[in-house]
Amino acid sequence: MPNSGSAITAIRHRTVFDSRGVETLEIDMQLEAGFSRMAAPFGAPGSRGEFEAPAYAPAGIEATRKLLDDELIPALIGMDAADQEAIDERLIEIDGTANFERIGGNTSTILSLAAANAAAQALGKPLYEHLHAVDGWTLPVPLGNVVGGGAHSLGPAPDMQEHLVVPVGAKTVREAIEVNLAVHAEAGRILERKGRGFAGGMDDEDAWAADLTDFEAFEVVEQAKKTIEDRTGVEIRIGTDLAADRLYDKEKDVYVYDREGVSRSRAEQLEFVLGLIDRFDMAYVEDAFDSNDYDAFAELNAAAPERCLISADDVFASNVSRTQVGIGKNAARLMIVKPNQVGTLTGARRTADLARANGIRPIISNRSGETVDCSIAHLGVAWGTVGIKAGIRGGGRIIKLNELIRIEQEKEGIRLAAW
């Protein structure tokens, strides 16, 4: 029987719009003593990984809503929302495919998250306490995307998706957020002085959009972070998400940098990335190779200096079996976890647990198309992730960072995770 007040009594759905103006699914879940409203974040079409669960049913969002009415809602009514694994197993059972190819990973994830949020309310707990699954309590370090590019930008822009900073010297999550905001603002002032048509535009993730090569973008970030380091005394390091799946030309077997006008072989890509790590003393490099090339990830992980952590997103795709392969090849030291890549909270947590148990630390991440939900802040704390990728500013992103500030104040003795 459900715990007192945590039985699901009603589920409603509608379509709303995400931060990119794209239609997305929203769910209201009512319990006997709890309520949750969740809208699905959505990765840009060019930034969704090859191995992610698809967003919705193959016939689209309206077909998904019919599946909700005909199958999903009737199956979930009366279930105990506090039994997360049972909810998630039911979703897997209804879908009946290996990767939510029938109902969609966004559909399953927001039902999974709605149940967790509503159950936490019914139980009188914050979500991070309801889902706490590790020893001790830490806050994830916020990684901040300063200059954008790749699939998240329109017009002339760097080829790599993110030119970011990691406030490794911050003592509190509030200080880390303030430092990231300061670097972002300083980078904007530098770009304004550079001219070249810069008018303060931003990409999907509220990072600056400018007509720069990747090297020039890193130089802007380096200059901005040095200014803020001098002002605050907080050590800041540079990082990047190359999103190399979008650079890789399978037919030619090269990485194509359109803005730079250069194509690089696998060996040249490795040499190029190692050169950037050395030149900018990088702390973080994500998705430097095509998501089918575990061996290239492993080569980079072996060759990178100790101070730079190699991270995997599209290659692992929050998927247990793909993560297990990566562990066997020693392909990374960090991994990105996005619940809607795999379709349920239980699935994402199991992947994070597997990675951590094998020396790969997880980072919780937003999507390029975001909503006002702040659950990933709670998941980062509940699952003990070392970092959180939630951008630096913008409504759908700052709400997640502000939630970390609230948790920091609320949870006595909690500290930032050690980078």
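This text follows the structure it describes.
Overview of the structure. Here the structure is a predicted model, which is why all the values come from computation and not from measurement.

## Quick word on the sheet that holds strand β10 (residues 262-264)
Here comes step 1: Taking strand neighbours across the sheet as the criterion, the three strands line up as β8-β9-β10 in an open arrangement whose pairing is antiparallel. The open sheet has two edge strands, β8 (248-249) and β10, and neither has a second partner.
Here comes step 2: With two bridges connecting them, β8 and strand β9 (residues 254-257) associate as antiparallel partners. Looking at the pairing, Asp249 lines up with Val254 of β9.

## Here's the deal with the packing of aromatic side chains
Here comes step 1: Under the counting rule described, the total for this entry stands at nine aromatic pairs.
Here comes step 2: Ring geometry for Phe218 against Phe280: centres 5.5 Å apart, planes inclined by 40 degrees, an arrangement best described as tilted. Residue Phe218 is found in helix α6 (residues 214-232), and its partner Phe280 is found in helix α7 (residues 266-280); the two are separated by 62 residues along the sequence.
Here comes step 3: Accessibility expressed as a relative area gives 0% for Phe218, which makes it buried.
Here comes step 4: For Phe280, a relative accessible area of 4% puts it in the buried group.
Here comes step 5: Their ring planes at 75 degrees and their centres at 5.4 Å tell us that Tyr257 and Phe272 sit as a pair that is edge-to-face. Of this pair, Tyr257 sits in strand β9 while Phe272 sits in helix α7, placing them 15 residues apart in sequence.

## With respect to the environment of Gly21
Here comes step 1: Within the element layout of this structure, Gly21 appears in the loop between β1 (8-17) and β2 (23-31).
Here comes step 2: With a relative accessible area of 52%, Gly21 lands in the exposed category.
Here comes step 3: Considered as a pair, Gly21 and Gly369 are 348 residues apart in the sequence and their alpha carbons are 8.1 Å apart.

Criteria and cut-off values
Residues numbered from 1 in each chain as written. Predicted model: local features only at pLDDT ≥ 70, side-chain atom pairs only at ≥ 80, totals over all residues. Heavy atoms only, no water. Pairing = 2+ DSSP bridges. Helix = DSSP H or I, 4+ residues; strand = E, 2+ residues; numbered from the N terminus. Phe/Tyr/Trp six-rings, centres within 6.5 Å; stacked < 30°, edge-to-face > 60°. Buried < 20%, exposed > 50% of the residue type's maximum accessible area, 1.4 Å probe, protein only.

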